[in-house]
Amino acid sequence: MAELQEVQITEEKPLLPGQTPEAAKTHSVETPYGSVTFTVYGTPKPTRPAILTYHDVGLNYKSCFQPLFQFGDMQEIIQNFVRVHVDAPGMEEGAPVFPLGYQYPSLDQLADMIPCVLQYLNFSTIIGVGVGAGAYILSRYALNHPDTVEGLVLINIDPNAKGWMDWAAHKLTGLTSSIPEMILGHLFSQEELSGNSELIQKYRNIITHAPNLDNIELYWNSYNNRRDLNFERGGDITLKCPVMLVVGDQAPHEDAVMADSGGQPQLTQPGKLTEAFKYFLQGMGYMASSCMTRLSRSRTASLTSAASIDGNRSRSRTLSQSSESGTLSSGPPGHTMEVSC
C-alpha cells in the first residue's frame, strides 16, 4: 500500500427538500494484485459496520448503485452507516486502458484486495452489497474473512463455475455477438433487451461507448473463469453471517434465486430493495426504531421470501427470514432472507 491517492469530490444528484450534498472521498490503494479505487461516503460510526458495495461486470459503482442509494427512503439507512463503494480495477471513471497483455486479477484475487481497503480505512467489519460478479467477490471474501463480515446482500449471484455446456454456449455466442451485447445479455433478460426500454438504451450506450471497454472485457473474462464457491448445506464451507438473497423478477433463473443474467433490481426496483434492506438490517439488530416507510405500507405484499432455494420453492407473502437457505446456507447463527424484486 505504498501509493495512495485521495481526491475530494461531491456527487451530483437530485437532492431531497432540506438535504445537503453528500461529500465523498475517492482513494486509490496499492495491493498485491494492483491498484484498486474506492469511494467513501459519510462518517464512520464507532459501533456500526461500513456498508461496502461491489458492482457487476460492465458497470462501475455509480452506474450500478446510484439509483439505489439516491432513492428517498434509502436516506434513513445511509445516515446510519458509512459507505465504501469499490470499483474493480480499471472500471473507475477515467481509468486508463490496461496495456496489451496485462494480467487482470481473478475474482478470487479481487476479493483478496478488500483487506487492503479496510486496513487503509481502519474499518474492522462490513455489510457487503454485491451484484453479479460483485456478489461472487464479496462471498469469496466472506468465506476467507468471516470475522469481518456482519452481513451480505447478494443480488443475482451465481456461485458456480461455468460447465462445459456453458462454455460451449459462451464460445458460440462470442462468434456472433460483440462483447457489449454479451455483457448486456448477462445484466438483463432477453425480454428486457427485446423491449429496448429507456433503461436498456441507456446502459447499452454506456457499455458500447465505454472508453475502457478493453478493461471491461478483462473483468468479463475473469468472471467467466470463476471457480465454484463450493457452498455446502450443513458443511464446512458456508457463509457464517446473515445473508439477503435478491433476484430480479426478470431474471431467467429466478426460481433458483441465482441469476447469471437478467434483471437489475437495484436499478429497476430501488424502493422494494430499500425496504427489504431495512428489514434485513433490523433483523441484525440495527435501526430497531426505524418506522415503516410509505413503501412498506403500500407494497409489503409484493416482497416475497422463501424457505428453500432447492427444487420447488414454498413462498409466503411476508418479509420472514429463513434459517434454511439451500445452496447458500449461512448456518447458525446466521439467517437467510430471500427477496424477489
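Bear in mind the structure is a predicted one, so any value in this text is a computation, not a measurement.

**Q** Teacher, can you tell me more about the packing of aromatic side chains here?
**A** Two aromatic rings, taken as a pair, are described by how far apart their centres are and by the angle between their planes. If you walk through the whole model with that rule in mind, you get 10 aromatic pairs. Residues Phe38 and Tyr120 carry aromatic rings whose centres are separated by 5.9 Å and whose planes lie at 70° to one another, so their mutual orientation is edge-to-face. Taken together, the residues span a long stretch of sequence, with Phe38 in strand S3 (residues 34-41) and Tyr120 in helix H3 (residues 107-121) at a distance of 82 residues. Their ring planes at 70° and their centres at 6.5 Å tell us that Tyr102 and Tyr104 sit as a pair that is edge-to-face. On the accessibility criterion, Tyr102 (27% relative accessible area) is partly exposed.

**Q** What should I look at first to understand the confidence of the model for the protein chain in this one?
**A** Caution applies to low-pLDDT regions: their predicted coordinates should not be interpreted in detail. When the pLDDT values of the protein chain are averaged, the result is 79; 70% of them are 70 or greater. The low-confidence segment residues 1-15, where pLDDT is below 50, has 41 contacts with residues more than four positions distant or belonging to other chains. Low pLDDT, under 50, characterises residues 294-333; the stretch is placed with 105 contacts to residues that sit more than four places away or in other chains.

**Q** Got a minute to help me understand the pattern of salt bridges in this structure?
**A** Pairing between side chains becomes possible if they bear opposite charge and their charged atoms approach one another. Overall, the coordinates contain 6 salt bridges when judged by the stated rule. Residue Asp108 is joined to Arg140 by a salt bridge in which the shortest nitrogen-to-oxygen separation is 3.1 Å. Note that Asp108 is positioned in helix H3 and Arg140 in helix H4 (residues 133-144), a separation of 32 residues in sequence. Note on Asp108: relative accessible area 15%, which makes it buried. Among the ionic pairs, Glu181 bridges to Arg204, the shortest N-O distance being 3.3 Å. With a gap of 23 residues between them, Glu181 in helix H6 (residues 179-187) and Arg204 in helix H8 (residues 198-208) connect regions that are remote in the sequence. Connected via shared salt-bridge partners are Asp108, Arg140 and Arg227.

So, how was this worked out
Residues numbered from 1 in each chain as written. Predicted model: local features only at pLDDT ≥ 70, side-chain atom pairs only at ≥ 80, totals over all residues. Heavy atoms only, no water. Phe/Tyr/Trp six-rings, centres within 6.5 Å; stacked < 30°, edge-to-face > 60°. Helix = DSSP H or I, 4+ residues; strand = E, 2+ residues; numbered from the N terminus. Buried < 20%, exposed > 50% of the residue type's maximum accessible area, 1.4 Å probe, protein only. pLDDT = per-residue confidence, 0-100. Contact = heavy atoms within 4.5 Å. Salt bridge = Lys/Arg side-chain N within 4 Å of Asp/Glu carboxyl O.

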